[in-house]
Amino acid sequence: MPAPDKPPLYTVLTEIVGWTLDRTADLPKSSRFTFGQRIDNRTLDALELTVRATFSAPARKRAMLEDLNLLLEQLRVLWRLCNDRGWISQQQLVFVVGKLDEAGRMTGGWLKQLSTRPDPPARNL
């Protein structure tokens, strides 16, 4: 079975991962572990969930995409806290929140698509 094309969500999250790793490396040393590692891990987890959902059976996708939505919201909160502390600029916050919102809309569209797709008929063995 050929591998499915990478969904646009994968592309957006790949951009977010690269941007995130560059920004968290510049956080103050005293906060790099607390905030930087949490942000890095959640961002990588979001990308991983996207890959897993891409290759999963439709019945398993919903839970993964709901987990992805939660991760995206956690990332929004963490980036806002970084901005509040002055570790990233307002322009950087607008950029990353815009990308996270874009990823959230794509995730919501994917979830909606799963809801409107009829369940496959049961196979008689």
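Refer to the structure above for everything that follows.
All values reported here derive from a predicted model rather than from experimental measurement.

Colleague: Even after reading the chapter, I still don't get the packing of aromatic side chains, so can you show me in this structure?
Modeller: Aromatic rings considered in pairs are described by the distance between their centres and by the relative angle of their planes. Inspection of the entire model under this criterion finds three aromatic pairs. With a centroid separation of 5.1 Å and an interplanar angle of 75°, the aromatic rings of phenylalanine 35 and tryptophan 87 are classed as edge-to-face. Of the two residues, phenylalanine 35 is situated in helix α2 (residues 29-54) and tryptophan 87 in the loop between α3 (58-84) and α4 (90-116); the sequence distance between them amounts to 52 residues. Relative accessible area serves as the criterion here: at 18%, phenylalanine 35 is assigned to the buried category. Members of the aromatic cluster, connected to one another through ring pairs, are Trp19, Trp79 and Phe95.

Colleague: In this structure, what is going on with α2? I would like to understand it.
Modeller: Three- or four-residue spacings in an α-helix give side chains the same orientation, since the helix completes a turn every 3.6 residues. The end-to-end C-alpha separation of α2 is 36 Å, in line with the 38 Å expected for 26 residues at 1.5 Å each. Turning to α2, its buried residues number three or more, namely Ser31, Phe35, Gly36, Ile39, Asp40, Thr43, Ala46, Leu47, Leu49, Thr50, Ala53 and Thr54. Where α2 is buried, its residues meet α1 (8-24), α3 and α4.

Calculation notes
Residues numbered from 1 in each chain as written. Predicted model: local features only at pLDDT ≥ 70, side-chain atom pairs only at ≥ 80, totals over all residues. Heavy atoms only, no water. Phe/Tyr/Trp six-rings, centres within 6.5 Å; stacked < 30°, edge-to-face > 60°. Helix = DSSP H or I, 4+ residues; strand = E, 2+ residues; numbered from the N terminus. Buried < 20%, exposed > 50% of the residue type's maximum accessible area, 1.4 Å probe, protein only. Expected span 1.5 Å × (residues − 1). Contact = heavy atoms within 4.5 Å.

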